[in-house]
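Listed below are the residues making up each chain.
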Amino acid sequence: MIPFVDLYLQYSGIKSEIDNAIKECIAEGNFIKGKAVSDFESAFAGYIGAQYCLGCGNGTDALEIILKSLNIGQGDEVIVPALTWIATAEAVNNVGAEPVFAEIKAKNYTIDYNSIEAKITKKTKAIIPVHLFGCPADMNEILEIAGKYRLFVIEDCAQAHGAEYFGRKVGTFGIASAFSFFPSKNLGAFGDGGAILTNNKELANLSRKISNHGQLHEKHSHCMVGRNSRLDSIQAAILNVKLKYLDEWNLKRLKVASFYISRLKDNNKFTLPLTEKDKKHVYHLFVVRCRDREKLIRLLDEKNISWGIHYPKALPFLNAYKYKNHKAEDFTIVSSITDEIISIPIYPEIKTEQLNLICDQMLKL
Ligand SMILES: *Cc1c(COP(=O)(O)O)cnc(C)c1O
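### Some points on the site of the ligand
- Taken together, 14 residues sit near the ligand, with Gly-59, Thr-60, Asp-156, Ser-180 and Lys-185 positioned nearest.
- Interatomic distance of 2.8 Å between a side-chain N/O atom of Asp-156 and a nitrogen atom of the ligand.
- In the environment of the ligand, an oxygen atom lies 3.0 Å from a nitrogen or oxygen atom belonging to the side chain of Lys-185.
- Burial of the ligand by the protein amounts to 93% of the accessible area it has alone, namely 380 Å².
- Those elements giving two or more residues to the shell around the ligand turn out to be α4 (59–69) and α5 (87–94).
- Residue composition of the shell around the ligand, by class: four nonpolar, eight polar and two charged.

### As for the sheet that holds strand β12 (residues 286–290)
- One open sheet holds the three strands; their spatial order is β10-β12-β13, and the pairing between them is antiparallel. The open sheet has two free edges, formed respectively by β10 (270–271) and β13 (341–344), since each of these has just one partner strand.
- Looking at chain direction, β12 and β13 are connected through four bridges and run antiparallel. The residue bridging Arg-289 from the neighbouring strand is Ile-341, located in β13.
- Sheet strands touched by helix α10 (residues 293–302): β10, β12 and β13. Its angle to β13, the strand with the most contacts, is close to 20 degrees.

### Describing the layout of surface pockets
- In this structure, the largest pocket spans a volume of roughly 480 Å³.
- In terms of lining, the largest pocket is formed by 25 residues, of which the most central are Trp-85, Gln-159, Phe-182, Lys-185 and Tyr-311.
- Residue assignment for the lining of the largest pocket shows that the elements contributing at least two residues are α4 and α5.
- With three residues, α4 is the single largest residue contributor to the lining of the largest pocket.
- Across the lining of the largest pocket, the residue classes break down as eleven nonpolar, eleven polar and three charged.
- A domain split of the lining of the largest pocket shows at least three residues from each of domain 1 (7–100 + 109–243) and domain 2 (246–362).

### With respect to the pairing of strand β1 (residues 52–56)
- Among the five residues of β1, four are classified as buried, and the element is accordingly described as predominantly covered.
- Across five bridges, the pairing between β1 and strand β9 (residues 194–198) is antiparallel. Looking at the pairing, Cys-56 lines up with Gly-194 of β9.

### Some thoughts on the environment of Glu-144
- Along the chain, Glu-144 falls in helix α6 (residues 139–149).
- Of the residues examined, Glu-144 reaches a relative accessible area of 62% and is grouped as exposed.
- A C-alpha to C-alpha distance of 33 Å links Glu-144 and Ser-184, two positions 40 residues apart in sequence.

### Observations concerning the environment of Asp-6
- Of note, Asp-6 is situated in the segment before α1 (7–13).
- Exposure remark for Asp-6: the relative accessible area of 24% places this residue in the partly exposed category.
- Each C-alpha atom, one on Asp-6 and one on Ile-350, is 8.2 Å from the other, the two residues being 344 residues apart in sequence.
- Residues within four places of Asp-6 in sequence aside, it is in contact with Tyr-347 and Glu-349.
- A distance of 3.3 Å separates a polar side-chain atom of Asp-6 from the backbone nitrogen of Tyr-8.

### Notes on the packing of α4 against α5
- One way to put it is that α4 packs onto α5 with a least axis distance of 9 Å and a crossing angle of 40 degrees. Put simply, α4 runs oblique to α5. Two packed elements cross with a definite hand, and for α4 against α5 that hand is right-handed. Across the interface between the two elements, Thr-60, Leu-63, Glu-64 and Leu-67 of α4 pack against Ala-87, Thr-88, Glu-90, Ala-91, Val-92 and Asn-94 of α5.
- Classifying every residue of the contact of α4 with α5 by side-chain character gives five nonpolar, three polar and two charged.

Basis of the calculations
Residues numbered from 1 in each chain as written. Predicted model: local features only at pLDDT ≥ 70, side-chain atom pairs only at ≥ 80, totals over all residues. Heavy atoms only, no water. Near = heavy atom within 4 Å. Polar contact = N/O pair within 3.5 Å; in protein donor to acceptor, adjacent residues only side chain to side chain. Areas by Shrake-Rupley, 256 points an atom, 1.4 Å probe, with all protein chains shown as cover. Helix = DSSP H or I, 4+ residues; strand = E, 2+ residues; numbered from the N terminus. Nonpolar A, V, L, I, M, F, W, Y, C, P; charged D, E, K, R; others polar. Pairing = 2+ DSSP bridges. Contact = heavy atoms within 4.5 Å. Axes fitted to C-alpha atoms, helices over the stretch in contact; angles between N-to-C directions. 1 Å grid on protein atoms, 1.4 Å probe; cavity = no way out; pocket = protein on both sides within 12 Å on 5 of 7 lines; lining within 4 Å. Points joined across faces, edges and corners; volume = space filled by probe spheres on them. Domains from an automatic or database assignment. Buried < 20%, exposed > 50% of the residue type's maximum accessible area, 1.4 Å probe, protein only. Parallel < 35°, antiparallel > 145°, perpendicular 65-115°, else oblique. Left-handed = near helix turned anticlockwise from the far one by under 90°.

The structure is reproduced here in structure tokens:
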């Protein structure tokens, strides 16, 4: 059996470091807002190159808190790509605003900047580009449109820890960015976790207040109605250990991707991820497009090779968004893509013999 990811294998490699970090955290006894949290916040801000980092409960909360801090809510619209994990759009709904879907680019699966302008109305307040599958969105073009219409850009970096655009890490291009530390992400905790990154001091403070019951540093001084969304100390302690390995792990993912590309590129049945100049892709997922997906799935299943589909339905066509009455013709590119995409195993610890087995099997198509 070849699993889709192997988190235990990752843990085995750094077991004593992780175990010690957890033990230290327990000995310290500060499970909420302990030293590990502030240590991680400064380390991660430093790694990404942002001034402020605020840990929170998960990546969805991070998006929601950013939107709230920007005073986006009832009556506002936010443009999001039609292909992403539902959390990107959910966060918009959950602050009372309306997500407006934009088409994606077939070549890299990120939001198509050419489709954004037509979606802008008087109500539009922000755009949330998603660096989907680990591939940076086309930020220059997106920022230009946002500047022209005075819209906020909030980056969804949940799948792109360490990805770069023109030599700069994603998460520093918009007013703020949201990261997720869901266990299987490129940087994952042992449970839920998330972070907000920004260079804007006011936004950082407001987000910190919102995520901590409306109080900043002083206890019982609730200056606004907030909520509870914090990163646990134990999760932060684990992330502190793992952050040191992120670059090495991302490099290994890139090597796996290069291996797949070199073995599969001559078969015209597969459309493989594109290597784009000025972008450092971190391959959270390795997504292949294949017209005969059903047959490919049978071949993979035959050898117990795990696979996934990210995502089987674009957001406009989910029951959750049925109320918008979108038709396939509204999003022709994403509609055709979701019938063909399949994600094959990619993780830093996967072995060459496993990769060869996967490719051998795929090439039987
Ligand atoms: C994982 C993910 C999120 C949300 O993260 P959680 O931590 O699970 O809430 C948001 N957006 C994208 C694109 C994701 O992949």
